[in-house]
Number of protein chains: 2
Amino acid sequence: MVQRKVNEDLQSERNKGTFNPEELTNLIDGGADKTKERRELVDFFLRDPIFQDKVPPEYLSYVERYEDAVRKSCLMMKKINEWTEFKKTGATVDLYQALLGGLLGSALLKDGMPFALHYVMFLPTLMGQGNIEQQAYWIGRAWNCEIMGTYAQTELGHGTFIRGLETTATYDPNTEEFILHSPTLTSYKWWPGGLGQTANYAVVVAQLYTKGDCHGIQPFIVQLRDEETHMPMPGVKIGEIGCKLGMNGTNQGYLGFDHVRIPRENMLMKNSKVLKDGTFVKSPSDKLTYGTMIFVRVALVKGIAACYLAKAVTIATRYSAVRRQSEIVPGEPEPLIIEYKTQQYKLFPHIASALVMTFASRWLWNIYNIVTSELEQGDLERLPELHAISCCLKAVCTSDAAQGIEECRKATGGHGYMTCSSFPLTYGLATAAETYEGENTVMLLQTSRYLMKAWHQAKGGISLTPMTSYMIDHNLANRSPWQNNMACLHKSFRQVAYGLIKDTTEKVYRIVSTGKQQEHVWNSCSNLLVQCAEAHCRTFLVDCFYEEIKTVNVSPALKKVLTQLCELYAVYHLLKKLGLFLMYSDVRVGDVPSLQEWQDKLLEDLRPNAVTLVDGFDICDEILNSALGAYDGNVYERLFEEANRSPLNAVPVNKSFHQYLKPFLKGNI
Amino acid sequence: MVQRKVNEDLQSERNKGTFNPEELTNLIDGGADKTKERRELVDFFLRDPIFQDKVPPEYLSYVERYEDAVRKSCLMMKKINEWTEFKKTGATVDLYQALLGGLLGSALLKDGMPFALHYVMFLPTLMGQGNIEQQAYWIGRAWNCEIMGTYAQTELGHGTFIRGLETTATYDPNTEEFILHSPTLTSYKWWPGGLGQTANYAVVVAQLYTKGDCHGIQPFIVQLRDEETHMPMPGVKIGEIGCKLGMNGTNQGYLGFDHVRIPRENMLMKNSKVLKDGTFVKSPSDKLTYGTMIFVRVALVKGIAACYLAKAVTIATRYSAVRRQSEIVPGEPEPLIIEYKTQQYKLFPHIASALVMTFASRWLWNIYNIVTSELEQGDLERLPELHAISCCLKAVCTSDAAQGIEECRKATGGHGYMTCSSFPLTYGLATAAETYEGENTVMLLQTSRYLMKAWHQAKGGISLTPMTSYMIDHNLANRSPWQNNMACLHKSFRQVAYGLIKDTTEKVYRIVSTGKQQEHVWNSCSNLLVQCAEAHCRTFLVDCFYEEIKTVNVSPALKKVLTQLCELYAVYHLLKKLGLFLMYSDVRVGDVPSLQEWQDKLLEDLRPNAVTLVDGFDICDEILNSALGAYDGNVYERLFEEANRSPLNAVPVNKSFHQYLKPFLKGNI
């Protein structure tokens, strides 16, 4: 694109910034060297014209969009080779993560990538669940892309509840084969990316039957298509699942088996095994397979929630510093819409939110690595805690992000509804994460199960993990006078989590003690239990932000702004859930007006730095891919240019005029 | 589609219903005769195979989708002629409303209709703002579809704030013509439906200049395209604006003028006039043009908010009575997901919400007709009240509906993400209404401007309208002990509105009295002012539901269920905004557990009637257009059939395998 003059209003916003946005960028990346690396990678891929579209994919037919996604995926792989040659290093898992998920990946393939599951699930599963022989045989073929794999777990009838999967793998000791079968329509695999027309192999999760017994779900490597002709293998019924709200480039598919035989060696046997005679040997621990699920959830908090929300709020904030509308004082010039208090309230909390998700995911990633290495030494102690926090963080962050993206879109009025704003695709990718990899309500209930157990242990005098230690701080039940400061805010979130968990646990036990079945009581109290998990998660997020500010090594100017954001984040969520804070925290009805004023003051204080903050997110124009959010703020010029890329504008009169419209207007239809 | 056996689980839910769904249908329609009429119309149009798609539009290219929309629009017009011949009546405005907006329209043209604005805005504007000569000339041509019109008001740079429009119409007394001109890029018209490639005429709203003075915005009839060739007229720059989140069948366009001359007679002169010599004659009242805006907002509450929410909750509720997942008690069969309290909480409030919007829109429609006839007799007294309530109802109902649709989608897990669930298109149509026809926050602030004035009048002893009479009920400021009943609930909503408006008004006046400029104070308090308007609106909605139940003539069985829904609606919104109720109403912290239990009890009580309730919405399968929500509950069969309609599944191997994928896998790329 042509270099253009920066919109004057936007430039004058930049001039107001009190800190250097580069400092924030480095903080987010984890150091100036990391920023440099990231930019080098982004430039290498995005400045290459082969990835640029003459006609944006949304104008193509569905089949053309798939073909374009395959074409670009192959180009991307070629480009990865060029990159590793250029950098004189091998390709790393981090590199594939950056390219297949998150912002860079969605800039290259805007609506999902048909090869993604090969790298994100197929290869990691081979590595994590194959024994040494299996790894030796399969990983090389997969890593070199001689075969293209996917991961087929979810079925038409079963998603989050994987124990309910129906596909069977029945061992036949006579031939030393497993027979894969789909006994019902609902047992068809449904959703795996790349499964439709792309992959020729899959890891298939099925109920293992041997010697007449079911041994639960196990992973199997299955060839789906002929390597030469790409025709489906005998007994394999395969196709794609059709158009969706988003992710239409991922080629999600369905898969059914009609007594398909695979060799015994194709069951991944690092953990559980089936011997030649059909004897089942159980895995030493069920919890070993938790690792991958937690890994994916950790990745979602950063790669989906934090990144896409940062993208959306960048677009909306810049647009708000260009768009002028209506009047505050009659007769005066139309103000920038960022002047409106209602607009500030719609945007700035999401700047804070994108940041806290970044901090939380970094913390989660560190813990994940520690717990994983403990796991390998057989120490499972911290796994439940990690599992519990990863569940609620996945739920709360994906939900905050999706809602935030929609708020940002609506804050840009009608223009946000245009595909070229980038909001529709961004929302499509973010909201998908609310239901995949563990539906959010189920995730929250898993966390609250842990919380109730922890509460019970705390009462029994068993020491708690750092994340739940507030449960033994019984001072939280006492109420002190409220003051508008971060320490009080911080305490109030703990008070709410403490109070909610206490009341809910006591309620559950009280009803159980009347003789009702515990599971039904759990269900009847589940809307409260969801609130407990949310409160626990919000407390953790506020903690993360607060700790980050206390320990971060940045200039006083940036630290001041980060502190304002942290306070805004906390006050905003307090006022959003005011009822709970009036019930459980030091906040009294009489304190509410001053809290509202504090919120307004923080919005006002942050106002001059809003554009500088989103500049600090450092999301380049090619990734933003938005007429409303480009760095130069030439909003209207870009909207006009984007409109003229519509193929409908290629000719002055569309053929439907002659075919239908003219005969109709002339009364001949 | 083939008639299929009803899913047994869904049937058993139907068997649990305690009332006859037909009774609810009649109540919603406004009588059994109205139900009959509606069904006859729906059958006549939807059972005609000419409207059925072999390949659903989402698989076509963007240009093909437009061409298909034009084709179907012409067929629809032909079908309307057949209908009027069959019924031996003329076409009525009601008929066009049913066919162009709301559920039937979106079943025929699933993503918007390029002719809609011809009927919804072009014709009504000619009727409402043309003088007798203009009506005589233009209405006939437009009604007979000799010309196809649109309504061009919004510009690239200005939406809701119409006084800021930049397009100019300058009168030239020498030739007795207006010169239409677009002085800037931001003055281009942007968004009008049908403007891109369909319409050949438009009502264009422009700033009128005559004798050197600007007289504000006025409507002009402008020919855009040649009636024979459809080529744009000289000086007319025209095109479509590109792909959007939804409404991609509406052919929204842009329009610029380069000194385009039109005869003086083309200014619509029922209200203001320009005489031959250029003298401007002002309209007797500015408020006369409010009528159309209010009309459109009234139509949105019913046609978009109530209808689309009813559609979404029908789909999600039926799906929840078919889908089995997870376990409540280990070892027992997987329960229907409607058994989960969290699922009931996600769905049932939206059943109530769709109903109350129906009642509110009916009430609003009646008032609209009364006020319009008063207006014609020069009585403007009730116009501000109607304007105020229509603004906040438009905002609150479209927002409730869009959010509700997304909640329903997410409550169906991943499958709701499929286009064939119908959720994505339904959301696209509903959320558009949050920003068009008056952006929602602006709407709420218009209402709060009225509320503050009313509060001021109440203090000055001026009598208030029925809708704001609670402002003089100073007992609302006194707090009595809470009881779980509808009277207390009803009062508590008034208390919140009363308290919020009181505190906010006092705050505004207090700050103004310190010498700050009123307009800036207004802006600084605007987040509170938004809450005032929302509280006023919610109070009105609770009132509507409560009044409906008190006066409705239905069986005791249905009345009981309606009462439960009304209570659920109120308790749900109370608990959602608990903070405000603890601040302003009789509810105390100690009352909260019993309110939560009441909510749970209501969910439980409504549970057996959930499917019967949505059956009572009487939305036929062709309109639902959803694999998840069909009457027979054959969810999985339909998902599978829909997948196989994807053109990607037409051949076993897509050509991209040979073109890109195979060379890549064989290492040749």
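Here is what the cut-offs are and how they apply
- Residue numbers run consecutively from 1 along every chain, following the written order of its sequence.
- Each chain takes a letter, starting from A, and each ligand takes a number, starting from 1, following the order in which they are written.
- Residue-level local features of this predicted model are given only where pLDDT is at least 70; pairs of side-chain atoms are given and counted only at 80 or more, and the full residue set underlies all totals for whole chains, interfaces and linings.
- Hydrogen atoms and water are omitted, and side-chain values are computed over all heavy atoms in the structure.
- UniProt positions are given in the numbering used here, feature names are shortened, and annotations may be inferred rather than shown by experiment.
- Should any heavy atoms of two residues lie within 4.5 Å, those residues are considered in contact.
- Buried area adds together the accessible area that both of two parts lose upon being put together, with accessible area traced by a 1.4 Å probe.
- The rule for a salt bridge is simple: a side-chain nitrogen of Lys or Arg has to be within 4 Å of a carboxyl oxygen of Asp or Glu.
- Here a polar contact means two N or O atoms within 3.5 Å. Within protein one must be a hydrogen donor candidate and the other an acceptor candidate, and residues neighboring in sequence count only if both atoms are side-chain atoms.
- Note on conventions: DSSP H or I runs of at least 4 residues are helices, E runs of at least 2 residues are strands, and numbering of each starts at the N terminus.
- Residue polarity follows a fixed list, in which Ala, Val, Leu, Ile, Met, Phe, Trp, Tyr, Cys and Pro are nonpolar, Asp, Glu, Lys and Arg are charged, and the others, Gly among them, are polar.
- Paired strands are those between which DSSP finds at least two bridges.
- Lining residues are those with an atom within 4 Å of a point, where the points come from a 1 Å grid over the protein atoms alone and group into cavities, where a 1.4 Å probe fits but cannot get out, or pockets, open sets with protein on both sides within 12 Å along at least five of seven lines.
- Grid points are joined across faces, edges and corners, and a volume is the space filled by probe spheres set on the points.
- Residue ranges assigned to the domains are those given by an automatic or database domain assignment.

Chain A appears in an unreviewed UniProt entry as Acyl-coenzyme A oxidase from Triatoma infestans. Its UniProt record gives chain A a comment under Pathway (unreviewed entry), which states: "Lipid metabolism; peroxisomal fatty acid beta-oxidation." Chain A has a UniProt comment under Subcellular location (unreviewed entry) that states "Peroxisome".

Asks: Could you give an account of the interface of chain A and chain B, naming the residues involved and the relevant values?
Replies: Each partner contributes to the interface: chain A provides 132 residues, whereas chain B provides 132 residues. Buried area between chain A and chain B, both sides added, is near 11,400 Å², and the carbon and sulfur share of it is 61%. For the interface between chain A and chain B, the tally reads 14 salt bridges. When the shortest N-O distance is used, the salt bridge between A:Lys507 and B:Glu597 registers 3.6 Å. Where chain A meets chain B, there are 63 residue pairs in polar contact (both at pLDDT 80 or more). Ranked by residue count, the leading element in the side of chain A that touches chain B is helix H4 (residues 62-87) of chain A, at 10 residues. Residues of the side of chain A that touches chain B, tallied by class, amount to 60 nonpolar, 40 polar and 32 charged.

Asks: Go over the sheet that holds strand E7 (residues 236-240) of chain B, please, and point to the residues and values.
Replies: Residues and elements named next belong to chain B. Strand order across the open sheet formed by three strands is E4-E8-E7, with antiparallel pairing between neighbours. A strand with exactly one partner marks an edge of an open sheet, and here the two such strands are strand E4 (189-190) and E7. Of the pairings in the sheet, the one linking E7 to strand E8 (residues 253-257) comprises five bridges and is antiparallel in character. Directly across from Glu240, in E8, lies its bridge partner Gly253.

Asks: Give me the lowdown on empty space enclosed by the protein, citing residues and values where you can.
Replies: With the rule as written, the count across this model stands at six cavities of 30 Å³ or more. The space that makes up the second largest cavity amounts to roughly 920 Å³. When contributions to the lining of the second largest cavity are tallied by element, the ones reaching two or more residues are H4 and helix H12 (423-435) of chain A together with helix H4 (62-87) and helix H12 (423-435) of chain B. Looking at side-chain class alone, the lining of the second largest cavity contains 17 nonpolar, 11 polar and 14 charged residues.

Asks: How would you explain the domain arrangement of chain A if you had to name every residue and give the values?
Replies: Many analyses report the size of an interface as the accessible area lost when the parts associate. By domain assignment, chain A separates into domain 1 (149-285) and domain 2 (440-607). A straight line from the C-alpha centre of domain 1 of chain A to that of domain 2 of chain A covers 42 Å.

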